[in-house]
Amino acid sequence: MIKLERIYLEIGNICNLACPFCLPRSRPPQTMTIDRIIRILPQIKKIASSVCLHVLGEPLFHPEFDAICDLLTVWEVPVQITTNGTLLYKKRKEILKQNTIRQINISLQALDFPHVSHDCHKLLSGIHQFCCKAMIARPELYINLRFWNFDKIEHSPTFQFFQSLFNFDVSKIDIQWKKSFHLQGRLYLNFDSQFQWPSLTHSFRSEKGYCYGLTHHCGILANGDVIPCCLDGNGEIVLGNCLVTPLEEILSLPRAQNMTAHFNKGELIEPLCRHCGFISRFDKKARRLATRHKSCCDQTIKGLHA
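*Asks:* Any details on the pairing of strand 5 (residues 142-147)? Residues and values, ideally.
*Replies:* Counted residue by residue, strand 5 has five buried out of six residues, so it is predominantly covered. Here five bridges tie strand 4 (residues 101-107) to strand 5, and the two strands are oriented parallel to one another. Looking at strand 5, one finds that Ser-107 is bridged to Arg-146. As defined by bridge partners, strand 5 adjoins strand 7 (residues 187-191) across five bridges and the pair is classed as parallel. Within strand 7, the residue paired with Phe-147 across the bridge is Phe-191.

Here is the structure:
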């Protein structure tokens, strides 16, 4: 039986912001209906330990977000939410009453752009108030304040806001060795460098590499299409549609199994993977897997000639 750590569920690909670092959407704007979510949740529950409301779009912007949270609670599915934070304070009551919501990832780099600058202080104050209320009402809830623009962090008004609150020394940060820093309770600062979303229009990178897609996680887009990786935001690699074919069956089909087999040899079989820059973060693992695979092959050949 296939088991995954997480499934990224895109309940809508529509966002209330238009951040330049986000993947330009080539799919039609769409929100996942409650009826579709009811059909999908049992499939997720069967094979995954948790669900993360994320791929493209802002999950809190979904018009039926509250009802979706209730459904996830009924199905007892542990939930992570990745959000730009702009609607967190507005949705605080619904989020904090749901014990199945275990983690909130707030992409704070989204607030450093001119399209939100006029409301920035108000939004940041709302996020801070949400965090304070969460640490009282739900002390077990993990909250990650994410800054995935580390190369520009010293010029970030958003970072400066939280730095002044928590007196955090930016000179101590070296993301090559450590990316997460504890603030208080289960509130953390999380840093990383900005990445480029994979696209077939990008330069060819390599046929060698590794991805955690299909072994750790997969994604489901708002129309039910199943993708191997949370970064395939425009559905370049559609493995099937879980509204038509059961998710477990889709992940057992030859295309998905072939991708996994090649990942485990440190190889990339899909064109999109060969044009993915993010995958370079796993190059050490890819080299180890490739060396192990070559060693196994060599031993097999020796055995045949013995």
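After presenting the structure, the write-up continues.
*Asks:* Tell me about the sheet that holds strand 3 (residues 79-83), and name the residues and values.
*Replies:* Within the open sheet, the ten strands sit side by side as 6-7-5-4-3-2-1-8-9-10. Their pairing is mixed. Here the strands that pair on one side only, and so sit at the sheet edges, are strand 6 (180-184) and strand 10 (240-241). Helix 1 (residues 34-47) contacts strand 1 (4-9), strand 2 (48-53) and strand 8 (217-220) of the sheet and is inclined by roughly 130° relative to strand 2. The sheet strands contacting helix 5 (residues 157-166) are strand 5, strand 6 and strand 7, and the helix crosses strand 5 at an angle near 130°.

*Asks:* So what's going on with the pattern of salt bridges? Residues and values would help.
*Replies:* Throughout the structure, instances matching the rule amount to eleven salt bridges. With a closest N to O distance of 2.5 Å, Arg-138 and Glu-140 form a salt bridge. Overall, the relative accessible area of 2% leaves Arg-138 in the buried class. For Glu-140, a relative accessible area of 33% gives the class partly exposed. The partner of Lys-179 in a salt bridge is Asp-192, with the nearest N and O atoms 3.3 Å apart. With Lys-179 in the loop between helix 5 and strand 6 and Asp-192 in the loop between strand 7 and strand 8, the pair connects residues that are 13 residues apart, well separated along the chain. Exposure remark for Lys-179: the relative accessible area of 34% places this residue in the partly exposed category. Asp-192 gets classed as buried once you look at its relative accessible area, which sits at 7%. Within the structure, one salt-bridge network assembled from shared partners comprises Lys-179, Asp-192 and Arg-281.

*Asks:* Please give an account of helix 4 (residues 120-137) that cites residues and values.
*Replies:* For helix 4, with 18 residues, the first-to-last C-alpha span of 25 Å sits near the 26 Å given by 1.5 Å per residue. Taken as a whole, helix 4 has its buried residues at Cys-120, Leu-123, Leu-124, Gly-126, Ile-127, Phe-130, Cys-131 and Ala-134. Each buried residue of helix 4 sits inside an arc of 155° when the element is viewed along its axis, so together they form one side. Along helix 4, exposed side chains directed more than 90 degrees from the buried face belong to His-121, Lys-122 and Ile-136. Tucked inside the fold, the buried residues of helix 4 contact helix 3 (92-97), strand 4, strand 5, helix 5 and strand 7.

*Asks:* Could you give an account of helix 1, with specific residues and numbers?
*Replies:* For helix 1, spanning 14 residues, the distance from its first C-alpha to its last is 21 Å, which sits close to the expected 20 Å at 1.5 Å a residue. Considering bend angle alone, the principal kink of helix 1 is centred on Ile-40 and spans about 30°; proline Pro-42 follows within four residues of it. Regarding helix 1, the residues found buried are Ile-34, Ile-37, Ile-40, Leu-41, Gln-43, Ile-44 and Ile-47.

*Asks:* Go over unusual backbone geometry, please, and point to the residues and values.
*Replies:* With a phi close to 55°, Glu-76 is a non-glycine residue in the positive phi region. Secondary-structure assignment places Glu-76 in the loop between helix 2 (65-74) and strand 3. Not every positive phi belongs to a glycine, and Asn-167 is a case in point at roughly 55°. Looking at the secondary structure, you find Asn-167 in the loop between helix 5 and strand 6.

*Asks:* Now, about the environment of Lys-46: what can you tell me, with residues and values included?
*Replies:* Within the secondary structure layout, Lys-46 lies in helix 1. Looking at Lys-46, the relative accessible area reads 44%, which means it is partly exposed. Each C-alpha atom of the pair Lys-46 and Gly-240 lies 17 Å from the other, and the pair is 194 residues apart in sequence. Beyond its immediate chain neighbours, meaning those up to four positions away, Lys-46 contacts Met-1, Lys-3 and Glu-248.

*Asks:* Describe the nonpolar core, with residues and values.
*Replies:* Here is a general trend for soluble globular proteins: nonpolar side chains tend to be buried in one another's company. Ranked by size, the top nonpolar core spans 98 residues in total, and within it Leu-145, Phe-191 and Leu-251 carry the most contacts. For this core, the element with the highest residue contribution is helix 4, accounting for seven residues. Non-local contacts of Leu-251, meaning those with residues more than four positions away in its chain, are made with Ile-2, Leu-4, Ile-47, Leu-214, Cys-218, Val-226, Leu-239, Ala-256 and Gln-257.

*Asks:* So what's going on with the packing of aromatic side chains? Residues and values would help.
*Replies:* As enumerated under the stated definition, the model contains 15 aromatic pairs in all. Ring centres of Phe-147 and Phe-159 lie 5.4 Å apart, and the angle between their planes is 90°; on these two criteria the pair is classed as edge-to-face. Taken together, the residues Phe-147 in strand 5 and Phe-159 in helix 5 connect sequence positions twelve residues apart. Classification of Phe-159 as buried rests on a relative accessible area of 2%. Aromatic rings pair up to connect Trp-148, Phe-195, Trp-197, Tyr-210, Tyr-212, Phe-263, Phe-278 and Phe-282 into one cluster. Arg-92 extends its terminal NZ or CZ atom over the ring of Tyr-89, reaching a point 3.9 Å from the ring centre. Above the plane of the ring of Tyr-210 lies Lys-285, whose end atom (NZ or CZ) is 5.0 Å from the centre.

Parameters at a glance
- Residues numbered from 1 in each chain as written.
- Predicted model: local features only at pLDDT ≥ 70, side-chain atom pairs only at ≥ 80, totals over all residues.
- Heavy atoms only, no water.
- Buried < 20%, exposed > 50% of the residue type's maximum accessible area, 1.4 Å probe, protein only.
- Helix = DSSP H or I, 4+ residues; strand = E, 2+ residues; numbered from the N terminus.
- Pairing = 2+ DSSP bridges.
- Contact = heavy atoms within 4.5 Å.
- Axes fitted to C-alpha atoms, helices over the stretch in contact; angles between N-to-C directions.
- Salt bridge = Lys/Arg side-chain N within 4 Å of Asp/Glu carboxyl O.
- Expected span 1.5 Å × (residues − 1).
- Arc of directions from axis to C-beta.
- Bend = angle between axes of the 7 residues up to and from the residue.
- Core = buried A, V, L, I, M, F, W, Y, C linked by side-chain atoms within 4.5 Å.
- Phe/Tyr/Trp six-rings, centres within 6.5 Å; stacked < 30°, edge-to-face > 60°.
- Lys NZ or Arg CZ within 6 Å of the ring centre and 35° of its normal.

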